[in-house]
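# Secondary and tertiary structure notes
Read off the chains here:
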Amino acid sequence: MAEHISLAVIGGGPAGMAAAIAAYDSGITDVAVFERDNELGGILNQCIHNGFGLHTFKEELTGPEYAGRYIAQVKERRIKCETGSTVLSISPERQITVVSREKGLRVIDADAVILAMGCRERPRGALNIPGFRPQGIYSAGTAQKLINCEGCLVGKEVVILGSGDIGLIMARRMTLEGAHVKAVAELMPYSGGLKRNIVQCLDDYDIPLLLSHTVVDIKGKHKLEGVTIAEVDEKSVPIPGTEEFYECDTLLLSCGLIPENELSLTAGVTISGATNGPVVDDTLGTNVPGIFACGNVLHVHDLVDFVSEESGRAGHNAAEYIKSHGKKANAPDIINITAGNGVRYTVPSTVDRANVESEIHLRFRVRNVYKGCTIKIVSGDNVILSKKKRISVPSEMEDLIIRPEILSGADGGLTVMIEEGSV
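Keep in mind the model is a prediction, meaning the values are calculated, not measured.

## Details of the packing of aromatic side chains
Throughout the structure, instances matching the rule amount to 4 aromatic pairs. A ring pair is formed by Phe57 and Tyr70, whose centres lie 5.8 Å apart and whose planes are at 65°; its orientation type is edge-to-face. With Phe57 in the loop between β2 (31–35) and α2 (63–76) and Tyr70 in helix α2, the pair connects residues that are 13 residues apart, well separated along the chain. These aromatic residues form a ring-pair network of at least three members: Phe57, Tyr66 and Tyr70. A cation sits over an aromatic face here: Arg69 above Phe57, 5.0 Å from the ring centre.

## A few points about the pairing of strand β10 (residues 180–186)
For β10, a buried count of 5 out of 7 residues is recorded, marking the element as mostly surrounded by other parts of the structure. Two elements, strand β9 (residues 157–161) and β10, share 5 bridges in a ladder whose sense is parallel. Bridge pairing links Glu157 to His180 in β10. In this structure, β10 lies alongside strand β11 (residues 209–211), joined through 3 bridges in parallel fashion. Paired with Glu186 across the two strands is Leu211, which belongs to β11. Following the chain from β10 across helix α5 (residues 195–202) to the adjacent parallel β11, one finds a crossover that is right-handed.

## Let's talk about the sheet that holds strand β21 (residues 360–366)
Spatial ordering of the open sheet is given by β19-β21-β24, a layout of 3 strands whose pairing is antiparallel. Pairing within the sheet leaves two strands with one partner each, and these edge strands are β19 (343–347) and β24 (398–402). Adjacent strand axes in the sheet meet at a mean angle of 25° when their direction is disregarded. In terms of strand pairing, β21 meets β24 through 5 bridges, oriented antiparallel. Counted as the bridge partner of Leu362 is Leu400 from β24.

## Quick look at the layout of surface pockets
Taking a probe equal in size to a water molecule and rolling it over the atoms shows the remaining empty space. Its boundaries defined by the atoms lining it, the second largest pocket holds a volume of some 860 Å³. Along the walls of the second largest pocket sit 30 residues, with Asp282, Thr283, Asn317, Glu320 and Asn355 positioned nearest its centre. Looking at the lining of the second largest pocket, the elements that each hand over two or more residues are β17 (291–293) and α7 (304–324). The element that contributes the greatest number of residues to the lining of the second largest pocket is α7, accounting for 6 residues. Of the residues contributing to the lining of the second largest pocket, the split by class is 9 nonpolar, 12 polar and 9 charged.

## Observations concerning the pattern of salt bridges
Across all of its chains, the model carries 22 salt bridges by this definition. Here Asp25 and Arg77 are joined by a salt bridge, their closest N and O atoms 2.8 Å apart. With Asp25 in helix α1 (residues 14–25) and Arg77 in the loop between α2 and β3 (80–83), the pair connects residues that are 52 residues apart, well separated along the chain. The exposure class of Asp25 is partly exposed, given its relative accessible area of 48%. The salt bridge involving Arg363 is made with Glu310; its shortest N-O contact spans 3.9 Å. Here Arg363, found in strand β21, pairs with Glu310, found in helix α7; they are 53 residues apart in sequence, far enough to count as distant.

## Some points on empty space enclosed by the protein
For the structure shown, the criterion picks out 1 cavity of 30 Å³ or more. Computed from the structure, the largest cavity encloses a volume of approximately 30 Å³. Surrounding the largest cavity, Leu284, Glu310, Arg313, Val347, Pro348, His361 and Arg363 form its lining. Taken together, the residues of the lining of the largest cavity break down into 3 nonpolar, 1 polar and 3 charged.

## So, unusual backbone geometry
Looking along the chain, the bond that leaves Val347 and enters Pro348 is cis, with omega of 10°. Within the secondary structure layout, Pro348 lies in the loop between β19 and β20 (350–352). Residue Asn276 is not a glycine yet carries a positive backbone phi of 65°. When you line up the elements, Asn276 lands in the loop between α6 (262–266) and β17. Using a relative accessible area of 35% as the deciding quantity, one classes Asn276 as partly exposed.

Procedures and definitions
Residues numbered from 1 in each chain as written. Predicted model: local features only at pLDDT ≥ 70, side-chain atom pairs only at ≥ 80, totals over all residues. Heavy atoms only, no water. Phe/Tyr/Trp six-rings, centres within 6.5 Å; stacked < 30°, edge-to-face > 60°. Helix = DSSP H or I, 4+ residues; strand = E, 2+ residues; numbered from the N terminus. Lys NZ or Arg CZ within 6 Å of the ring centre and 35° of its normal. Buried < 20%, exposed > 50% of the residue type's maximum accessible area, 1.4 Å probe, protein only. Pairing = 2+ DSSP bridges. Right-handed = clockwise from strand over helix to strand, strands pointing away. Axes fitted to C-alpha atoms, helices over the stretch in contact; angles between N-to-C directions. 1 Å grid on protein atoms, 1.4 Å probe; cavity = no way out; pocket = protein on both sides within 12 Å on 5 of 7 lines; lining within 4 Å. Points joined across faces, edges and corners; volume = space filled by probe spheres on them. Nonpolar A, V, L, I, M, F, W, Y, C, P; charged D, E, K, R; others polar. Salt bridge = Lys/Arg side-chain N within 4 Å of Asp/Glu carboxyl O.

See below:
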């Protein structure tokens, strides 16, 4: 027979732990966290650099230190955590199939489920780079784990493709370990990482950032010998005659992150084509009743502090769902939120005006670099909210606070948009 639990949290990283703690503090103590790794903490365990915790703890921490704060809180509450446990599937009825070495294969029924599986790196196969598959090509995250957790330096002469935050951080890390990072190539005309990481990881070490460039060829059959980098046009097509060969023994790929939503699909959760994460409402609930999503499985975040804040809201809302048996206090009054000019996506996608009691975080990313712009939320011809920005870039997630009184004027739904050149 299937076991029963009030709340199942899938993933024991920062999102899963924050959600479990918030649910516990909201009155649901029958919580279990399922983590496939042998310890809690997720990706933070290999992120030994500092810069974490400034928003949450008001001090600068390393990744393991940040994770340790949450692990301590989980232990204080005696929240049940099953590490080394892999969830194989989740049904739309919230029935979870999980397997572990100690307990074997089990089926668990949950009153509510929180998806907090995080994300993975985009592999080389998705980048369409020609050439053989020689030794020396790694995703930036794999190289980070080998260096920081295994003590293994992956190479000495390095080229990095993609200027995501992990790639930028690894440029500095490889340099500090004695490697020579020759260049960071970025397909887009702007960096995919935070400005502070460009300064601290590239500028401070005189590592060149080649914008509008990509790898067009890889030399070497058994062991990497070098890569050819070319400039690209506005359509990301390599420009003939701009090719330059870089001799190297290591190529790190930092070309984006993909939310881990295979389990979400087995549960019947609707996935957004823009974020590759679940479509959620203002409670962070999905289209499947009782299933919530938070953290990088929902959309890729810049800072773990934002992950923790969002996941805390998911945990609280899941607890309220369990206590109310899925019933809302008022009849639903749904407002759709759409991405307008210059905006790639919004989270959430809908708001239930009838049940909003406090502020809502509306998070989104812009499509391009906009200088001297205004972010607007409009409903029909009415401007509901306006915020001026000196600069807005795709690599930095925007966060707007929507209060209940603002929603009163949203009769035709809400559209988030960028008005250029208005500052």
